Amino acid sequence: MQTVSDITAFITGGASGIGLGMARAFAAEGAKLALADLDETGLDEVKRELDAITEVITIPLDVRDREAMAGAADRAEAELGPVRLLCNNAGVGSGIGGMNLETMSYEHWDHTLSVNLGGVVNGVQTFVPRMVERGGPAHVVNTSSGSGLAVTGGAQFMYCASKYAVTGLSEAIVKLLKLHGIGLTLVSPGFVDTRIAETTRRLDPAEAAAEPMDPAYKEKLERFEKLFEPLGQDPDEVGRMVLDAIHNDQLYCQPDRLMAEPIRSRSEALLGAMPAETERDRKMAEAIEKARR
Ligand SMILES: NC(=O)c1ccc[n+]([C@@H]2O[C@H](COP(=O)([O-])OP(=O)(O)OC[C@H]3O[C@@H](n4cnc5c(N)ncnc54)[C@H](O)[C@@H]3O)[C@@H](O)[C@H]2O)c1
């Protein structure tokens, strides 16, 4: 998509952080915005800011709610015109309780997977058939994470499960979308200076049940947060990078190099775990090549 000028963009998690960074970048190029989020106060603030630049509507929405998502799509299209740019961006961490084998619960699993993966599924299922029916140009942006490409440490196991799924969904659907003139960008941020820790704590239904936190773990977490706090990337910069990726119809948008080494080691470990090539492998490769033609 060469420009987003005059098109309608629908952004989930648009009240804060990376979603807001995208909203600002798109608005600067003249896109109309439908911003959807659970955080109504945040939405009001953002509307006041962006109203001066472009047409903006805000929609209180829980991305897990399929009916509400369809209603939000209807409203956005009635008020701003067809949504040609969809950003499935709302997300949460797993919560402290969900990062330990001793405290994890189905509540943590359900929450992490239903927001981070379910929200993207609901966005795709709601908007893509409308885009296909109208034909391109159109574009989908899915926010995964560096944790959706490789694992560092192990505590983020629920978050990684949800984000790997977003990566897989996006990589698998991109070719089908292309047949209809619809592009897709998978954005996998590294470490961005947003409210994600606060959002995760605010929304985690099992947070209270996870207290009290093990003091040694709490201390480690605080040391970790202090060390990285000053290094967070500006979410507005990420927003501008996503816009560039849309202009260039790029599948991958990698805002930083944080995961370069883990991705390399993972790829090497996977390739290293494969047996030596056999006649069957060569025949299989030939069959795949023929099937592609
Ligand atoms: N901040 C980072 O370092 C980082 C790194 C990699 C990936 N990400 C991903 O980026 C995306 C945006 O996160 P962020 O860092 O900007 O955090 P953020 O907390 O600043 O913004 C996320 C927004 O999503 C909203 N949200 C959460 N659950 C929702 C739901 N069920 N329905 C609707 N809205 C909901 C929140 O209210 C919030 O406004 C997430 O998918 C996150 O996993 C962030």
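Look up a bit, the structure's there.
The residue numbers shown here count from 1 along each chain, following its written sequence. pLDDT decides what is reported in this predicted model: residues at 70 or higher carry local features, side-chain atom pairs at 80 or more are listed and counted, and totals for whole chains, interfaces and linings draw on all residues regardless. For the side-chain quantities, the full set of heavy atoms in the structure was used; hydrogens and water were omitted.

Asks: Residue-level account of the site of the ligand, with values.
Replies: A molecule or strand has a residue near it when one of that residue's heavy atoms lies within 4 Å. Near the ligand, the surroundings consist of 30 residues, among which Ser-16, Asp-37, Tyr-159, Thr-194 and Thr-199 are the closest. Here an oxygen atom of the ligand sits 2.8 Å away from a polar atom, N or O, in the main chain of Ile-18. Polar contacts, as counted here, are pairs of nitrogen or oxygen atoms within 3.5 Å of one another; within protein the pair requires one atom able to donate a hydrogen and one able to accept it, and residues that are adjacent in sequence qualify only if both atoms are side-chain atoms. Between the ligand and the protein, one listed contact pairs an oxygen atom with a backbone N or O atom of Arg-195 at 3.1 Å. Helix and strand labels come from DSSP, where a helix needs a run of H or I of at least four residues and a strand needs a run of E of at least two; each type is numbered from the N terminus. Per-element tally for the shell around the ligand: the top contributor is helix H7 (residues 196–203), with four residues. Each residue is assigned to one of three groups, with Ala, Val, Leu, Ile, Met, Phe, Trp, Tyr, Cys and Pro labelled nonpolar, Asp, Glu, Lys and Arg labelled charged, and all others, Gly among them, labelled polar. Taken together, the residues of the shell around the ligand break down into 13 nonpolar, 11 polar and six charged.

Asks: Explain the sheet that holds strand E3 (residues 56–60) to me, and be specific about the residues and the numbers.
Replies: Strands qualify as paired when DSSP identifies two bridges or more between them. Here we have seven strands laid out as an open sheet, ordered E3-E2-E1-E4-E5-E6-E7, and parallel in their pairing. This sheet does not close on itself; its edge strands, each paired only once, are E3 and strand E7 (252–253). Alignment of strand E6 (residues 182–187) against E7, held across two bridges, turns out to be parallel. Of the residues in E7, the one forming a bridge with Val-187 is Cys-253. Note on definitions: a residue-residue contact is assigned when non-hydrogen atoms from the two residues lie within 4.5 Å. Axis definition: a line fitted to C-alpha atoms, limited for helices to the stretch in contact. Angles are taken between N-to-C directions and run from 0 to 180 degrees. Helix-sheet contacts for helix H2 (residues 40–50) involve strand E2 (32–37) and E3, and the interaxial angle to E3 is about 180 degrees.

Asks: Outline unusual backbone geometry, supporting the account with residue identities and numerical values.
Replies: Cis geometry marks the peptide bond from Gly-136 to Pro-137; its omega dihedral reads 0 degrees. By the secondary structure assignment, Pro-137 is in the loop between helix H5 (118–134) and strand E5 (138–143). Phi at Asp-6 takes a positive value of approximately 75 degrees, unusual for a residue other than glycine. Mapped onto the fold, Asp-6 is located in the segment before strand E1 (8–12). Residue Asp-6 is classed as exposed on the basis of its relative accessible area of 59%. Even without being a glycine, Asp-249 presents a positive backbone phi close to 50 degrees. Within the element layout of this structure, Asp-249 appears in the loop between helix H10 (235–247) and E7. For every residue, the accessible area obtained with a 1.4 Å probe (protein chains only) is divided by the maximum for its type, and the residue is called buried under 20%, exposed over 50%, and partly exposed between those limits. Exposure remark for Asp-249: the relative accessible area of 33% places this residue in the partly exposed category.

Asks: Describe the pairing of strand E4 (residues 83–88), listing the residues and the values that go with them.
Replies: Where burial is concerned, most of E4 is hidden: five out of the six residues are buried. In terms of strand pairing, E1 meets E4 through four bridges, oriented parallel. The partner of Thr-8 across the bridge, within E4, is Val-83. Pairing of E4 with E5 involves four bridges; the strand directions are parallel. Note that in E5 the partner of Leu-85 across the bridge is His-139.

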